[in-house]
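# A look at the structure
Spelled out, the chains give:
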Amino acid sequence: MLAASGQAAVVSSVSLGYRGEPGVESKLLVAAQADIMPVAFLAVDAGLSLNLFQNNGLGAAALGIGTVVYKPVDLTIRLALQHQQWNDWRAGENRVLGTIEAGPGRRLDVGIGLIRRAPVFGDGYWSPFTLSAGAAEWNFLYRLRWKFLQRETWWLRAGFSSYDVYTAHNPQQFPLEADGAWRLNQYVEMVARVGTAIVGYSGGLVSFHEVEISAGVKYAF
Amino acid sequence: MWGIITRPTIEQRVRECLAGDLPEPEPVAVDPDSFCFAVFGDPQIHSDYHSSLDRFRQEVAQRGIDFFCVLGDLTNDATSDECDSIKLQLERVGIPYYVTIGNHDLFQADGWERFKEDYGPSCYPVAIADRIKLIFLDTADGTLGPAQFDWFESELADSRFTKIVLTHFPVFDGEKPIMWRLASDAERVKVQSLLERYGAYAWCAGHIHGLRHLQVDSVHHFTCGAMAPGTLDYGDPGYLLFTFAHDSLSWQFVELN
């Protein structure tokens, strides 16, 4: 809300979170991110996420750049790089994402895109520069979120988004999320998010497969 | 993992399999120095009961195949008539076989009850001639679940055998943007990491109707869901043939046309 409102050219944020996926992993996440608008039509974001208690250490890094191509609906073309790694498993994944996003208009924001993902295993799993490993694949990306409550100092939003700053879900997962923010003053905003993903819908056996929760603070310069 | 449809979840099915109450399939007796076996998925017979198994039966005779493995989706809708038919067709091939479960096998409310009544557990190990361990996994929900992950790692850790994993969902299959692979990024990289760490030879899957081979580091990833009637996702109907001879394991795709 701080950056989107045009009040600030730089918004930094830190958050503490948890990600759990039955049988796969259970870890705390500490993330820091900066959103920079050097000029009115350009947005750059960069972030780092650390894992605690499982796959300890660097968990993800991301860099994105977006440009507004049609202001009335905030139509934005965005290109992003993501690197995610799992140190205990000596595995990583590098991704290039291209998306077209619009909104929020009428409290809705939408996005579609394409991602190239390249899992990397063994030596060099930590390198963000491998994009042609043996199991690389293309996936579609999608997003539809609705800010269903908006007041002067706070808002709540719900919907689905197959991607965020650090992660991109596989097509076999259908992600759901809800988030919100509460502005404390002109510079500071508290944020929180909860997300899950449904799997198995191709089998008619639908189950919630993972949970992610996070809370943090944003500071506008 | 919380199912929102009242059928046994992956966790419930696996716990039932690992409890030991279901009769585990017996190892097949083969010549320990020379044997071969076929792997395919998705016979997926519909209400017309058509399948490629009659054609496969000819292959068994011609090539001297010792046994075969079916990677789920035995039927399209898991109706009682379809289940009766596929069971009969599998028996008619005339050699021993092993089966694991696919998502279509759970389309009816009693799908799991019917599957275990006909075939026993959906996850189990079988050691063939003290040479090869076949590890059958239940991935009918597109995920392994906590109990199966633990059990899977303990089976992989057995260093006496060449290990081949047989299940319904692929971990990797080509580059196209499709949804028919194992669920999450984290789960896929954890699976691959375990396969690597314990020196597994291959992950064989169905679900996608075609024959494809990828090698990810030292692990072979096969998609062999090529027995479905009608149009396949790619390629022709067929199966994967493993041959063990001269202390060495080799493989080839065999098309049925």
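The structure displayed is predicted, hence computed values, not measured ones.

### Description of the overall build of chain B
Within chain B, the regular secondary structure consists of six helices and twelve strands. A compact globule built from 257 residues would reach a C-alpha radius of gyration of about 18 Å, and chain B, at 17 Å, matches this within 12%. If one aligns the C-alpha atoms of chain B with their principal axes, the spans along those axes are about 50 × 40 × 40 Å. Out of the 257 residues belonging to chain B, those deemed buried represent 51%. The long-range fraction of contacts in chain B, counting pairs at least 24 apart against all pairs at least 6 apart in sequence, stands at 72%.

### Remarks on the overall build of chain A
Secondary structure assignment for chain A yields zero helices and twelve strands. Reading chain A from its N terminus to its C terminus gives the helix and strand order β-β-β-β-β-β-β-β-β-β-β-β. The C-alpha radius of gyration of chain A comes to 17 Å, within 12% of the 17 Å expected for a compact globule of 221 residues. Summarising its shape, the C-alpha atoms of chain A cover approximately 45 × 35 × 30 Å along the three principal directions. The buried share of chain A, reckoned over its 221 residues, is 35%. A sequence separation of at least 24 residues applies to 45% of the contacts in chain A between residues at least 6 apart.

### Observations regarding the packing of helix α2 (residues 53-63) of chain B against helix α3 (residues 80-93) of chain B
Residues and elements named next belong to chain B. For the pair α2 and α3, the least separation of the axes is 9 Å and the interaxial angle reads 15°. The orientation of α2 relative to α3 falls into the category roughly parallel. Crossing hand, α2 versus α3: right-handed. On α3, the residues touching L53, F56, R57 and V60 of α2 are Q89, L90, R92 and V93. Along the lines of polarity and charge, the residues of the contact of α2 with α3 split into five nonpolar, one polar and two charged.

### Comments concerning helix α5 (residues 146-156) of chain B
Within the span of α5(B), buried status applies to B:Q148, B:F149, B:W151, B:F152 and B:E155. In this structure, the buried residues of α5(B) make contact with α1 (10-18), β5 (124-128) and β6 (132-136) of chain B.

### What about the interface of chain B and chain A?
Across the contact, 42 residues belong to chain B and 35 residues belong to chain A. Among the elements of the structure, β1 (2-3), α5, α6 (185-197) and β9 (211-216) of chain B are those that each provide at least two residues to the side of chain B that touches chain A. By residue class, the composition of the side of chain B that touches chain A is 21 nonpolar, eleven polar and ten charged.

### Concerning the sheet that holds β9(B)
Residue and element names in this part refer to chain B. In space, the six strands of this open sheet follow the order β5-β6-β7-β8-β10-β9, with mixed pairing throughout. Across the chains shown, the open sheet's two edge strands, defined by having one partner strand only, are β5 and β9. Across the sheet, the mean angle separating the axes of adjacent strands is 20° when strand polarity is ignored. For strand β8 (residues 202-205) and strand β10 (residues 219-224), the ladder comprises four bridges, and the chain directions are parallel.

### Side note on the sheet that holds strand β3 (residues 67-71) of chain B
Residue and element names in this part refer to chain B. The strand order across the open sheet built from five strands is β4-β3-β2-β11-β12, with neighbouring strands paired in mixed fashion. Of all the strands in the sheet, just β4 (97-100) and β12 (248-255) have a single pairing partner and so form its edges. The sheet shows a mean angle of 20° between the axes of neighbouring strands, direction not considered. For strand β11 (residues 238-245) and β12, the ladder comprises eight bridges, and the chain directions are antiparallel. Among the inter-strand pairings, T243 is bridged to a residue of β12, identified as S250.

### Here's the deal with the nonpolar core
Residues and elements named next belong to chain B. Among the nonpolar cores identified, the biggest contains 73 residues, and F37, V39, F40, L166, C204, C224 and L240 are the most heavily contacted of them. Counting residues per element, this core draws most heavily on strand β2 (residues 34-40), at six residues. The residues contacting L166, other than those within four sequence positions of it, are V39, C69, L71, T100, L134, I135, F136 and C204.

### Details of the packing of α1(B) against α5(B)
Residue and element names in this part refer to chain B. Across the interface, α1 lies against α5 with an axial gap of 8 Å and an inter-helix angle of 45°. Relative to α5, the element α1 lies oblique. Taking contact as the criterion, the partners of I10, E11, V14, R15 and L18 in α1 are, on α5, P146, A147, Q148 and W151. Looking at the contact of α1 with α5 residue by residue, the classes come out as six nonpolar, one polar and two charged.

### A short note on the confidence of the model for chain B
For chain B, the mean per-residue pLDDT works out to 93, and 98% of the residues sit at or above 70. Here the prediction assigns the complex a pTM of 0.93, and the interface score ipTM is 0.91.

### Some remarks on the pairing of strand β11 (residues 188-199) of chain A
Across a regular strand the side chains alternate sides, sitting on one face of the sheet and then on the other. Residue and element names in this part refer to chain A. Relative to β11, strand β10 (residues 174-183) runs antiparallel, the two being bridged by ten bridges. Note on β11: the bridge partner recorded for F174 is I198. Count of turn residues in the β10/β11 antiparallel hairpin: four residues. As paired strands, β11 and strand β12 (residues 207-220) are joined by twelve bridges and run antiparallel to one another. Pairing of A197 across the sheet is with E210, part of β12.

Reading guide: rules and limits
- By convention here, each chain's residues receive numbers from 1 onward along its written sequence.
- Labels follow written order: the first chain is A, the first ligand is 1, and so on.
- Per-residue local features of the predicted model are confined to residues with pLDDT of at least 70, and side-chain atom pairs are confined, for both listing and counting, to 80 or more; whole-chain, interface and lining totals are unaffected and use all residues.
- A run of DSSP states H or I qualifies as a helix once it reaches four residues; a run of E qualifies as a strand once it reaches two. Both are numbered from the N-terminal end.
- Only C-alpha atoms enter the radius of gyration, while the globule expectation follows 2.2 Å times N to the 0.38, with N the number of residues.
- Exposure in this text rests on C-beta crowding, where 20 or more other C-beta atoms within 10 Å of a residue's own make it buried, 12 or fewer make it exposed, and counts in between make it partly exposed. The C-beta atoms are placed from the backbone.
- Placing a C-beta atom from the backbone of each residue, one calls two residues in contact when those atoms lie within 7 Å.
- With axes taken as lines fitted to C-alpha atoms, and helix axes fitted only over the stretch in contact, angles between N-to-C directions fall between 0 and 180 degrees.
- By the definition adopted for this analysis, an angle is roughly parallel if under 35 degrees, roughly antiparallel if over 145, roughly perpendicular if from 65 to 115, and oblique otherwise.
- Handedness of a helix crossing follows the sense of rotation of the near helix relative to the far helix, less than a right angle counterclockwise being left-handed and clockwise being right-handed.
- Charged residues are taken to be Asp, Glu, Lys and Arg, nonpolar residues to be Ala, Val, Leu, Ile, Met, Phe, Trp, Tyr, Cys and Pro, and polar residues to be all remaining types, Gly included.
- Between any two strands, pairing holds if DSSP finds at least two bridges.
- By convention the nonpolar core is taken to be a set of buried residues drawn from Ala, Val, Leu, Ile, Met, Phe, Trp, Tyr and Cys and joined through C-beta atoms within 7 Å.
- pLDDT expresses, on a scale from 0 to 100, how confident the predictor is about each individual residue.

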